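Below, each chain spelled out in residue letters.
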Amino acid sequence: LIDEFSLASRLSYFFWSTMPDHTLLELAERGALRDNLDEQIKRMLSDEKAEAMAENFVGQWLQSRDIPLIGLNEREILKGDGILDRRFRLSGGVRRAMQEETEMSFQYLMDNNLSLLELLDPDYTFLNKELADFYEIEGVNHGDMRKVQLPADSYRGGILTQASILGVTSNPTRTSPVKRGLFILENILGTPTPPAPPDVPELEEAEKEFEESHKPSMRELMAVHREKPLCRSCHERMDPLGLALENFNAMGMWRDHQAGTPIDPSGKFITGESFSDIRDLKRILANERRFDYYRVVSEKMLTYALGRGLEYYDTHTIDTLVAELEENDGRIMTLIKGIIKSPAFQKTRFESTNLNRPTLAATEN
């Protein structure tokens, strides 16, 4: 077991991204921190310093921290969508609101011990007037970011429809179904694809296959690109997921047409589940594919908590966390407490060295 001062430090950097406070150090000095873990977890998460966890963990996992600086050419994006309205500008205030929408969604889960599935398919989000106007959601007049109930038929709701994620998974002048599909595979399903082979042609090269008089849709371009043998196997997994988000332009605004053609967001998982639009996709991720989602969130959060990459010997911990999440409806405190009480968090590992032969395995201390 690690000593209690080390445990205090691990807890503090996990929740607060800073050094332990007096209470933690005093408990550690008395050897009483482990006996009061649940009480301290509750205290630390109720402290405003716990906002650092939402900001830093979500910023790393979902890349939301990149949206304030990501290069998006709004003029070209809007021109491509046939929009010339100056209201839809990526001001600093809009970008900050986009980032806060994602962070507040996660913070709300922690504050209320809700299911991780609510990050995928909730009926609410967090908006101020500036971001609501950007999304073209009516009835939001407050200047601060607050929880807003969405209409029953809304396409919004959930991290995949938030402009922070949609923006960082786009190219500077257009959407990128490849980046968006890969994001879902890596960060929601935990099934990343191998790196693209060298000398793969740019997607724009596929435009040469069409007559000059025809402006191809993104789906048409992807279909031509996917015909190449080097590209087919990975794109069959990525493209349907990315194209399901094609109704959102590169800045995260809703649209029904692209290049004058109605957008078709329907598709099928490589495992067979079909969806007609983003609402169907979210429901599948939150239901049939929830075990994959539980696993990838567990892996991401354990990595964050430990400050290191995962190793083969962490597999049992991940399996245990996923099983506990399923038993407890995916509630986030089940994951947080499971990580803190796991051997990976509570213990340290050492390698026995031998001058005559290399170390073969690590052992728990």
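Refer to the structure presented above.
Residues numbered from 1 in each chain as written. Predicted model: local features only at pLDDT ≥ 70, side-chain atom pairs only at ≥ 80, totals over all residues. Heavy atoms only, no water.

## Some details on the overall build of the protein chain
Alright, step 1. Helix and strand counts for the protein chain come out as 16 helices and eight strands.
Alright, step 2. Burial status across the protein chain gives 49% buried among its 365 residues.
Alright, step 3. For the protein chain, long-range pairs separated by at least 24 residues make up 65% of all intrachain contacts whose partners lie at least 6 apart in sequence.
Alright, step 4. Here the protein chain has roughly 18,000 Å² of accessible surface; of this, 48% comes from carbon and sulfur atoms. (Helix = DSSP H or I, 4+ residues; strand = E, 2+ residues; numbered from the N terminus. Buried < 20%, exposed > 50% of the residue type's maximum accessible area, 1.4 Å probe, protein only. Contact = heavy atoms within 4.5 Å. Areas by Shrake-Rupley, 256 points an atom, 1.4 Å probe, with all protein chains shown as cover.)

## Some points on helix α15 (residues 332-340)
Alright, step 1. For α15, the buried fraction is high: eight of the nine residues fall into the buried class.
Alright, step 2. Listed in full, the buried residues belonging to α15 are Ile-332, Met-333, Thr-334, Leu-335, Ile-336, Gly-338, Ile-339 and Ile-340.

## Section: helix α13 (residues 290-306)
Alright, step 1. Between its terminal C-alpha atoms α13 stretches 24 Å, which fits the 24 Å expected from 17 residues at 1.5 Å a residue.
Alright, step 2. Looking one or two residues beyond α13, the residue adopting positive phi is Gly-307, at roughly 70°. (Expected span 1.5 Å × (residues − 1).)

## Remarks on the pattern of salt bridges
Alright, step 1. Taken as a whole and assessed by the stated rule, the structure comprises 19 salt bridges.
Alright, step 2. Across the pair Asp-144 and Arg-146 runs a salt bridge, and its minimum N-O distance is 3.0 Å.
Alright, step 3. Since its relative accessible area comes to 39%, Asp-144 is described here as partly exposed.
Alright, step 4. Overall, the relative accessible area of 42% leaves Arg-146 in the partly exposed class.
Alright, step 5. Because the salt bridges share partners, they merge into one network encompassing Asp-81, Glu-246 and Arg-255. (Salt bridge = Lys/Arg side-chain N within 4 Å of Asp/Glu carboxyl O.)

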